[in-house]
Amino acid sequence: MARSSPPPDSREPHRPSPLRHTMLEDAQAFVLGTTLCALGVQFLTAAGLVTGQTAGAAVLLSYLGGWSFGVWFFLLNLPFYGLGWVRMGPRFVVKTVIAVTMVSVLARLMPLVVTFEALNPWAASALSGAVIGMGLIVIFRHGASLGGIGILALWVQERFGIQAGWVQLGFDALLFALAFALLDPWLVAASLSGAVVVNLIIATNHRRDRYVGR
């Protein structure tokens, strides 16, 4: 006797409907995700820390003078949108441009509403890693990213066969080596712990077999 299919409401909760997110769902997710990322940047910059990837390059450049993190982050992402258009498609790029722009603006505004009287660098690093990691997961799950090196890494993997993870790791190694040469080594060491927290949160919680919403 053939087994009947289970009713729709008995499906496992981690296997949602394949329907796309609505515009309202995307909007609230982008507000939440980008605000968390901007808050994480505020933890970093208030404690004089850095992070990896394109955001880390923007933070480091902001310390060297001239423009703020928000301006650098927006500008550094511009060259990667063409690659994203080819590699990931126009929908992904449009959403990514929106997310990058929102983080850039919110990071600029965040110091006006969030300040710290006392902030231990190690605590700041862990907290920034936690909120940035959660913010990235929200953004990823709504079909976007924060652009930059991640897009380049995917292109290099496709074009030359070098795994994207190694490309990103190599970039971060160069970035932190430069940070050690320019900043207080103790603060850079604390920054590394925050980068670990970000990657652990993403590796544990962002899996295609557990969430397939777009």
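Every value quoted in this text rests on a predicted model; they were computed, and no experiment measured them. Throughout this document, residue positions are counted from 1 along each chain, in the order its sequence is written. The predicted nature of this model means local features are confined to residues of pLDDT at least 70 and side-chain atom pairs, given and counted, to a pLDDT of 80 or more, with totals for whole chains, interfaces and linings taken over all residues. With hydrogens and water set aside, each side-chain value is computed from the structure's full complement of heavy atoms.

**Thoughts on helix α5 (residues 90-113)**
Now for step 1: Elements are defined by DSSP. Helices are runs of H or I of four residues or more, strands are runs of E of two residues or more, and each kind is numbered from the N terminus. A helix is expected to reach a length of 1.5 Å times the quantity of its residues less one. For α5, which comprises 24 residues, the first-to-last C-alpha distance of 34 Å matches the rise-based estimate of 34 Å (1.5 Å per residue) to within 8%.
Now for step 2: Values of bend correspond, residue by residue, to the angle between axes fitted over the seven residues ending at that residue and the seven starting there. Its maximal kink placed at A107, α5 deviates by approximately 30°, while the proline P111 follows within four residues.
Now for step 3: For α5, every residue scored as buried is listed here: F92, V93, K95, T96, A99, V100, V103, S104, A107 and M110. Think of it in three bands: with a 1.4 Å probe and only protein chains considered, a residue is buried below 20% of the maximum accessible area for its type, exposed above 50%, and partly exposed in between.

**Thoughts on helix α6 (residues 121-140)**
Now for step 1: When the terminal C-alpha atoms of α6 are compared, their 28 Å separation across 20 residues agrees well with the 28 Å that a helix rising 1.5 Å per residue should span.
Now for step 2: Under this definition, polar contacts are N or O atom pairs within 3.5 Å; protein pairs additionally need one hydrogen-donor-capable and one acceptor-capable atom, and for neighbouring residues in sequence, both atoms have to be side-chain atoms. Capping of α6 at its N-terminal end is provided by N120; its side-chain oxygen lies 2.8 Å from the backbone amide nitrogen of W122.

**Overview of the packing of aromatic side chains**
Now for step 1: Ring geometry is summarised as follows: Phe, Tyr and Trp rings, the Trp one being its six-membered ring, pair when their centres sit within 6.5 Å, and such pairs are stacked at plane angles under 30 degrees, edge-to-face over 60 and tilted between the two. Per the counting criterion, the structure on display carries four aromatic pairs.
Now for step 2: The interplanar angle of 15° and the centroid separation of 5.2 Å between the aromatic rings of F69 and F73 together place this pair among those described as stacked. Within this pair, F69 and its partner F73 are both found in helix α3 (residues 69-77), separated by four residues, close to a single helical turn.

**Thoughts on the packing of helix α1 (residues 23-47) against α6**
Now for step 1: α6 packs onto α1 with a crossing angle of 160° between their chain directions and a minimal axis gap of 8 Å. As summarised for this structure, α1 and α6 are arranged roughly antiparallel, according to the angle between their axes. Seen along the crossing, α1 lies across α6 with a hand that is left-handed. Side by side, α1 and α6 meet where A29, L32, G33, T34, L36, C37, L39, G40, V41, F43, L44 and A47 of the first sit next to P121, A124, L127, S128, V131, I132, M134, G135, L136, V138 and I139 of the second.
Now for step 2: Class assignment of the residues belonging to the contact of α1 with α6 gives a composition of 18 nonpolar, five polar and no charged. Here an angle of 0 to 180 degrees is reported between the N-to-C directions of two axes, which are lines fitted to C-alpha atoms, with helices fitted over the stretch in contact. Angle categories: roughly parallel below 35 degrees, roughly antiparallel above 145, roughly perpendicular from 65 to 115, and oblique for all the rest. Crossings are assigned a handedness: left-handed for a near helix turned anticlockwise from the far helix by less than a right angle, right-handed for a clockwise turn. A contact between two residues is defined here by any heavy atoms of the two lying within 4.5 Å. Residues are grouped as follows: Ala, Val, Leu, Ile, Met, Phe, Trp, Tyr, Cys and Pro are nonpolar; Asp, Glu, Lys and Arg are charged; all remaining types, including Gly, are polar.

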